[in-house]
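Now for the letters of each chain:
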Amino acid sequence: MTSTTQTVCPSCGGPVSEADRFCEACGAELKPTAPSTPALDTDTEPTVEINTRPVSPCQSCGGVVGADGYCETCGTKAAKPRDHFDEQPAPWVAGVCDRGIRHSRNEDAMALAADAEPASRALLVVCDGVSSSLDSDVASLAAARAARDVLEAGHAQGIGTESSRSAAIAARLKAAADAANDAVLENTSPDSPNPASCTFVATVLEDGLLVAGVVGDSRAYWFPDNAEAVALTVDDSWAAELISTGIPRAEAESGPHAHAITRWLGKDAPDHTPRTTTVQVAGPGWILVCSDGLWNYCSEAAPLADLVRQTAAAHDGEPLATASALVDWANAQGGQDNITVALARL
């Protein structure tokens, strides 16, 4: 064995050794590259920021969290803003993004937009950073926000027919995925041995037309109150390939390569053009866009719809409270992955 010198992380004060490249406690890079090719600092997130409320009390004892990020009463390290955040652009649209229990950092991300009038126009984007790649937490958030901004800026209607409107929205989803892919590239070091990558899923609701686009294994669903639940996306994954050959879903999604994705965003992506699906929505229901941190525990559309409806009923149909409760439910199942739940109530 080679001896190592014990020291502390300059970002969080956690114990590290001279052989470590990243801090196990906070994920900060310990040995940045030369100034000519600066590496990204995953703790400070130089190109993307999260607007957060003031620091919450300590989650362990309720004490005051000091300026150093530790509870002044019990000494517990407080959660970073990136570990858990929410968005609610309108009362009928909201989402929650959470680190989960097992992972040391949150590599999921979301970005939402909506008009004030219920069921009018909503844009929901979720990106899930690939854990084995570097800087994926920064890149996924940059990707989600870049895609949301592209979708928010456009409002093409085609020539007025449903098919032309659908084609126009699908084209905007492609442009959004292009922007998201560019954002991933901009947020990974050019000489990275394992460049950042993430999944992409987005839904656009405009005047009764719902279009979803996907790259990877994050998902979108439509759960009407009085009709059959609809899975709007099909995963780009090894499990989905097995399912298409007739392997039962439960068996395919529990295999050793179940979460190996076949398409993604990033420098080494084979193709990032989203596959799109269009449905005409009529009547009340829920749009759900989520990462695998949720659907890992409830994959089929029908039981997942039941879970969303029951959770919503217990929280007066309020989207933010419902999304938060669904995240809590996933954590109660084990929280094996980061969890993102974005909802729109029609």
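Our subject is the structure listed above.
Residues numbered from 1 in each chain as written. Predicted model: local features only at pLDDT ≥ 70, side-chain atom pairs only at ≥ 80, totals over all residues. Heavy atoms only, no water.

Visitor: What exactly am I supposed to notice about the packing of helix 6 (residues 301–313) against helix 7 (residues 319–332) here?
Guide: Any two packed helices are characterised by how steeply their axes cross, that is the angle between the axes, and by the distance between the axes. At a closest axis distance of 9 Å, the pairing of helix 6 and helix 7 adopts a crossing angle of 120°. Comparing the axis directions of helix 6 and helix 7 gives the class oblique. The interaxial crossing formed by helix 6 with helix 7 has right-handed handedness. Contacts between helix 6 and helix 7 involve L307, V308, T311 and A312 from the former and T322, A325, L326 and W329 from the latter. For the contact of helix 6 with helix 7, the class distribution of residues is 6 nonpolar, 2 polar and no charged. (Axes fitted to C-alpha atoms, helices over the stretch in contact; angles between N-to-C directions. Helix = DSSP H or I, 4+ residues; strand = E, 2+ residues; numbered from the N terminus. Parallel < 35°, antiparallel > 145°, perpendicular 65-115°, else oblique. Left-handed = near helix turned anticlockwise from the far one by under 90°. Contact = heavy atoms within 4.5 Å. Nonpolar A, V, L, I, M, F, W, Y, C, P; charged D, E, K, R; others polar.)

Visitor: It is not clear to me how the sheet that holds strand 9 (residues 209–215) should be interpreted in this structure. Could you clarify?
Guide: Hydrogen bonds along the backbone pair up the strands of a sheet, which may run parallel or antiparallel. In spatial order, the strands read 5-6-8-9-13; together these 5 strands make up an open sheet with antiparallel pairing. Strands at the two margins of the open sheet, each flanked by one partner only, are strand 5 (108–114) and strand 13 (275–280). Strand after strand, the sheet turns through a mean of 10° between neighbouring axes, direction not considered. Sheet topology note: the strand 5/strand 6 (residues 121–128) ladder contains 7 bridges and is antiparallel. Looking at the pairing, M110 lines up with V126 of strand 6. Lying over the sheet, helix 2 (residues 162–186) contacts strand 6, strand 8 (200–206), strand 9 and strand 13, oriented at roughly 145° with respect to strand 8. (Pairing = 2+ DSSP bridges.)

Visitor: What am I meant to see in the sheet that holds strand 11 (residues 230–231) here?
Guide: Strand order in the open sheet formed by 6 strands is 3-4-15-14-10-11, and the pairing between neighbours is antiparallel. Two strands close off the open sheet at either side, each with one partner strand: strand 3 (84–90) and strand 11. One ladder, built from 5 bridges, connects strand 14 (residues 285–290) with strand 15 (residues 339–345); its direction is antiparallel. Across the sheet, residue V289 finds its bridge partner in strand 15, namely A342. Strands strand 10 (219–224), strand 11, strand 14 and strand 15 of the sheet are contacted by helix 6, whose axis makes an angle of about 65° with strand 10.

Visitor: Explanation requested: the side chain of S218 in the structure shown.
Guide: With respect to the helices and strands, S218 occurs in the loop between strand 9 and strand 10. The exposure class of S218 is buried, given its relative accessible area of 0%. In this structure the side chain of S218 is engaged in a polar contact, spanning 2.8 Å, whose partner is the side chain of T199. Not counting chain neighbours up to four residues away, the residues in contact with S218 comprise V126, D128, T199, V201, T233, D235, C290 and S291. (Buried < 20%, exposed > 50% of the residue type's maximum accessible area, 1.4 Å probe, protein only. Polar contact = N/O pair within 3.5 Å; in protein donor to acceptor, adjacent residues only side chain to side chain.)

Visitor: I'm lost on unusual backbone geometry in this one. Help?
Guide: Negative phi is the rule for most residues except glycine; trans is the rule for most peptide bonds. Even without being a glycine, D207 presents a positive backbone phi close to 50°. Its place among the elements puts D207 in the loop between strand 8 and strand 9. Taking relative accessible area as the criterion, D207 reaches 54% and is therefore assigned exposed. Located in the positive-phi region is D316, a residue other than glycine, with phi close to 55°. Mapped onto the elements of the fold, D316 is located in the loop between helix 6 and helix 7.

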